[in-house]
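Residue-level structural notes
The residues making up each chain are set out below.
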Amino acid sequence: MIECRRCTGGNCGRSHRLLPDCSVPYKHYEAELIEDVVDGVITEEDIQEDYPADITLQRWRQWAKQFLTETEGRLRSAGYRILDLSETFLGSRESLLDRLKERLENGWLSIAIRIMYST
């Protein structure tokens, strides 16, 4: 069951659904499988009966490029606005998502999705 909550901030009053960590909005497969495809753990050669088609894997990789670029921007913006990090931080070439991937062997996509859809 997908939990539903009503916004209490300001005058919004809208209802919002809270997706479980294993879900990716607008995708039919679990985040773990999509993460493995994006990371290159699963390739077209690994496709089994219950895996998606080759074209789906290609679409996921394309989607991930755009999604991760947007997520990187939101992370930097939040760090600057909320955490008062310097302008040098905004212009740095170091990827915050790469740092997240280094720290979390599995599950980084669920965190990135939560950042994107919860802000």
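Everything in this summary refers to the structure shown in the same document. Keep in mind it's a predicted model, so treat the numbers as computed, not measured.

1. Focus: a nonpolar patch on the surface
On the surface, Ile82, Leu83 and Leu85 cluster together to form a nonpolar patch covering roughly 300 Å² of accessible area. Along the chain, leucine 85 falls in the loop between helix 2 (54-81) and helix 3 (87-91). Among the residues examined, leucine 85 registers a relative accessible area of 32% and is labelled partly exposed.

2. Section: the packing of helix 1 (residues 31-38) against helix 5 (residues 108-117)
It is at 8 Å that the axes of helix 1 and helix 5 come closest, and there the two elements cross at 105°. In this view, helix 1 runs roughly perpendicular relative to helix 5, as classed from their interaxial angle. Each of Ala31, Ile34, Glu35 and Val38 in helix 1 lies in contact with helix 5, whose residues at this interface are Trp108, Leu109 and Ser110.

3. Some remarks on the pattern of salt bridges
As enumerated under the stated definition, the model contains 4 salt bridges in all. For the salt bridge of glutamate 94 with arginine 99, the shortest nitrogen-to-oxygen distance reads 3.0 Å.

4. A word on the nonpolar core
Counting 19 residues, the largest nonpolar core has Val24, Ile34, Trp60, Trp63, Phe67, Leu68 and Leu109 as its most contacted members. The set of elements that each furnish at least two residues to this core consists of helix 1, helix 2, helix 4 (96-103) and helix 5. A per-element tally of this core places helix 2 first, with 6 residues. With sequence-adjacent residues up to four places away left out, valine 24 is seen in contact with Ala31, Ile34, Trp63 and Ile113.

Conventions used here
- Chains are numbered independently. Their residues run from 1 in the order of the written sequence.
- Residues qualify for local features only when their pLDDT is at least 70, as the model is predicted, and side-chain atom pairs are given and counted only at 80 or more; totals for whole chains, interfaces and linings, by contrast, use all residues.
- Working from all heavy atoms in the structure, the side-chain values ignore hydrogens and water.
- Patches draw on residues past 30% relative accessible area with no salt bridge. Two like charges within 9 Å are joined, as are two nonpolar side chains (Val, Leu, Ile, Met, Phe, Trp, Tyr) within 5 Å.
- Each accessible area is a Shrake-Rupley estimate made with a 1.4 Å probe; only the visible protein chains count as cover when residues are assessed.
- A side-chain nitrogen of Lys or Arg and a carboxyl oxygen of Asp or Glu constitute a salt bridge if their distance falls within 4 Å.
- Under the scheme used here, helices are H or I runs from DSSP no shorter than 4 residues and strands are E runs no shorter than 2 residues, and both carry numbers assigned from the N terminus.
- The cut-offs for exposure are 20% and 50% of the maximum accessible area for each residue type, with area from a 1.4 Å probe on protein chains only; residues under the lower value are buried, those over the upper are exposed, and the others partly exposed.
- Only C-alpha atoms enter the line fits that serve as axes; for helices the fit covers just the stretch in contact. Angles between N-to-C directions range over 0 to 180 degrees.
- An angle below 35 degrees is treated as roughly parallel, one above 145 as roughly antiparallel, one from 65 to 115 as roughly perpendicular, and anything else as oblique.
- Two residues qualify as a contact provided that any one of their heavy atoms is within 4.5 Å of a heavy atom in the partner residue.
- We call a set of buried residues a nonpolar core when its members are Ala, Val, Leu, Ile, Met, Phe, Trp, Tyr or Cys and they connect through side-chain atoms within 4.5 Å of each other.

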